[in-house]
Amino acid sequence: MEKVTVSQLVRGAEKYADQTVNVNGWVRNNRDQKEFGFIALNDGTHFNTVQVVYEKENLGNYDRVARLGVGSAISVTGRLVLTPEARQAFEIKADRVALEGDSPEDYPIQPKRHSREFLREVAHLRPRTNLFTAVFRVRSMLAFAVHQFFQEKGFVCLHAPIITANDAEGAGELFRVTTLDPHNAPLTGDGKADYSCDFFGKKTNLTVSGQLEAEAFALAFKNVYTFGPTFRAENSNTPRHAAEFWMIEPEIAFADLNDNMNLAEEMIKYLISCLLEKAEPEMAFFSQFVDKGLQERLQDIVTADFARITYTEAVESLQKAKKKFEYPVEWGKDLQTEHERFLTEKIFHKPVFVSDYPKEIKAFYMRVNDDQKTAAAMDLLVPGVGEIIGGSQREERADVLKERMAAFNIEPEELQWYLDLRKYGGVKHAGFGLGFERAIMYFTGVSNIRDVIPFPRTVNSCEF
RNA sequence: UCCUCAGUAGCUCAACGGCAGAGCGACCGGCUGUUAACCGGUAGGUUGCAGGUUCGAAUCCUGCCUGGGGAGCCA
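Each value, and the rule that gives it
- Residues numbered from 1 in each chain as written.
- Chains lettered and ligands numbered in written order.
- Predicted model: local features only at pLDDT ≥ 70, side-chain atom pairs only at ≥ 80, totals over all residues.
- Heavy atoms only, no water.
- Helix = DSSP H or I, 4+ residues; strand = E, 2+ residues; numbered from the N terminus.
- Buried < 20%, exposed > 50% of the residue type's maximum accessible area, 1.4 Å probe, protein only.
- Contact = heavy atoms within 4.5 Å.
- Lys, Arg positive; Asp, Glu negative; His and termini not counted.
- Charge placed at Lys NZ, Arg CZ, Asp CG, Glu CD.
- Core = buried A, V, L, I, M, F, W, Y, C linked by side-chain atoms within 4.5 Å.
- Domains from an automatic or database assignment.
- Buried area = accessible area lost by both parts, 1.4 Å probe.
- Salt bridge = Lys/Arg side-chain N within 4 Å of Asp/Glu carboxyl O.
- Polar contact = N/O pair within 3.5 Å; in protein donor to acceptor, adjacent residues only side chain to side chain.
- Nonpolar A, V, L, I, M, F, W, Y, C, P; charged D, E, K, R; others polar.
- Disulfide = S-S within 2.5 Å.
- Pairing = 2+ DSSP bridges.
- Phe/Tyr/Trp six-rings, centres within 6.5 Å; stacked < 30°, edge-to-face > 60°.
- Lys NZ or Arg CZ within 6 Å of the ring centre and 35° of its normal.

Per the secondary structure count, chain A includes 13 helices and 17 strands. By principal-axis analysis of the C-alpha atoms, chain A measures approximately 85 × 60 × 45 Å. For chain A, the residues scored as buried account for 52% of the 464 residues in total. Long-range pairs, those at least 24 residues apart, make up 66% of the contacts in chain A with a sequence separation of at least 6. Each charge sign in chain A was given a centre, from 56 positive and 68 negative side chains, and these centres are 3 Å apart.

Written as structure tokens, this is what we have:
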């Protein structure tokens, strides 16, 4: 008798036809009749369940098995039968059903439709539902595909620090990291906490980006990437923001903004191809129940070129559009969410790179273009989610970078090491940040970031 | 943080100033191939919390809490 997984059975049930097999898993549904019953069993190895048929004449504990609740863990031994004419290709005729872990009648997950809001409250149980089983298997596969993509191209993965003293980047509000006692912290002369007495001897925080560190490594390994957690203490209450999320930040040397966009486009297409190929049942589920037609649209994206326009062109086409916007479009002002959505959803109907924004609305490290008015920055906007990538060519000219830091009130001493990278063998280089969860949202059609993170951390919410 | 909508049975919702209900789920029973099975029955409630108006409040008013959506910030 062989121990098998549902995944093995789905991949080749013929191999096990008429053999006795053993499967361990959790009851998704149980329907009993007078003399026989059916259990939909999920063992976690595959999106699908396997149907277990049990009969009174074959099971000594029939009455107990018939009363098994949803969520119970069982071990089933029985004969695998091919059923090509039925809705499922095979099933197991049980000889023995042993209860491994009971699930009483107050089990919150019922064989019916639940709201996402309710399932968030039972985040420890929701991975047992169809939707979250699919979401989190896809998340896992995508994480692997990200590494695969970069490793195949010879990129070096670096683990950027999670605790950092760098708070000059301005990417968002910071989570302070401290070992000082909040009720009894040593004070400086003016009555503020004295961080020179703190663990690191200075103010430290959780990272908001591994970019600056990645730049240092790009100027040693040429092509690198980070893939790790990122923390923003912004008071953001939207379906697209979380306090803790994962970011992929490639950084490439001897490369400009165009190389950067090429890499981003190649990466997105690679990730989608992986999912369409290896996550068929999950993608089919999303396409049918979450976002109608998702599979076809993603398929189209793999073969079509992404749109590429400059900020200036975007402003012109938005101004020409008949649509009346709540916020007027004006050169020099950042694009509002409604503008970004219009561009990607109404004008292009596909991913679009918007590049070369006015330098005043972009970060200090972005390279100033020859027109002196714009910076070599790019955002990738996609339908339904909005911005999933933000990137730029970095300012490699030490004198220009110093000017820009001064304009942003950043003390040179704070980022001396970053300036050093320009002083010693600095070359043009570029990179971007891909929001991992936003990519998952885009690829699955799931519209709330809280539903693509196992245990999401958002403002006022840190359960589990 | 601002705007907006909502909180009623385990879940999804109805009742909108006058007896608190349905569907699903659960439980019990029936059914020889079900597959979000089907048929019959039973149980299940401090209507988010606190206060106010009223003869009477789930319903109207005030404050708070929680959740959804939109905006800003961004990935």
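The next point concerns the nonpolar core. In terms of nonpolar packing, the biggest core is built from 65 residues, with Ile 268, Ile 389, Leu 434 and Phe 443 touching the most fellow members. Considering each element in turn, this core owes the most residues, 12 residues, to helix α6 (residues 257–278). Excluding residues that lie within four positions of it along the chain, Phe 443 makes contacts with Leu 142, Ile 268, Leu 271, Ile 272, Leu 275, Met 283, Leu 294 and Leu 298. Tyr 311, Val 354, Ala 363 and Phe 364 belong to the second-largest nonpolar core, a separate cluster that totals 30 residues.

Glancing now at the domain arrangement of chain A. According to the domain assignment, chain A consists of domain 1 (2–101) and domain 2 (128–172 + 208–451). The distance between the C-alpha centroids of domain 1 and domain 2 comes to 45 Å. In this assembly, 8 residues from domain 1 lie in contact with 9 residues from domain 2. Carbon and sulfur atoms make up 49% of the area that domain 1 and domain 2 hide from each other, which totals about 660 Å². Area buried by domain 1 at its contact with domain 2 is led by Arg 28, His 46 and Phe 47, which between them contribute 76% of it. In this structure, the connection of domain 1 to domain 2 is made through 0 salt bridges. Across the contact surface, domain 1 and domain 2 share 3 residue pairs in polar contact (both at pLDDT 80 or more). For the side of domain 1 that touches domain 2, the per-class residue count stands at 2 nonpolar, 5 polar and 1 charged.

As enumerated under the stated definition, the model contains 0 disulfides in all. The thiol of Cys 274 is unpaired, and the distance to the nearest cysteine sulfur, on Cys 157, comes to 17 Å. Cys 274 gets classed as buried once you look at its relative accessible area, which sits at 11%.

Looking now at the pairing of strand β17 (residues 429–435). With 7 of its 7 residues buried, β17 lies for the most part within the structure. Residues of β17 alternate between two faces, with His 429, Gly 431, Gly 433 and Gly 435 on one and Ala 430, Phe 432 and Leu 434 on the opposite face, all of them buried. With 5 bridges connecting them, strand β12 (residues 244–253) and β17 associate as antiparallel partners. Residue Met 247 lies in a different strand from β17, and its bridge partner there is Gly 435.

A few words now on the packing of aromatic side chains. Any pair of aromatic rings gets described here by the distance separating the centres and the angle formed by the planes. Tallied over the full model, the rule gives 24 aromatic pairs. Ring centres of Tyr 54 and Tyr 62 lie 5.5 Å apart, and the angle between their planes is 50 degrees; on these two criteria the pair is classed as tilted. Residue Tyr 54 is classed as buried on the basis of its relative accessible area, which comes to 0%. A ring pair is formed by Phe 217 and Phe 221, whose centres lie 5.5 Å apart and whose planes are at 25 degrees; its orientation type is stacked. Here Phe 221 and Phe 217 lie together in helix α5 (residues 211–221), a separation of 4 residues that amounts to about one turn. Phe 217 sits in the partly exposed class, given a relative accessible area of 36%. Members of the aromatic cluster, each reached through a chain of ring pairs, are Phe 149, Phe 150, Phe 155, Tyr 225 and Tyr 270. The lysine or arginine in question, Arg 176, covers the ring of Tyr 195, its NZ or CZ lying 5.1 Å from the ring centre. When the ring centre of Tyr 418 is taken as origin, the NZ or CZ atom of Arg 422, which lies over that ring, is 4.1 Å away.

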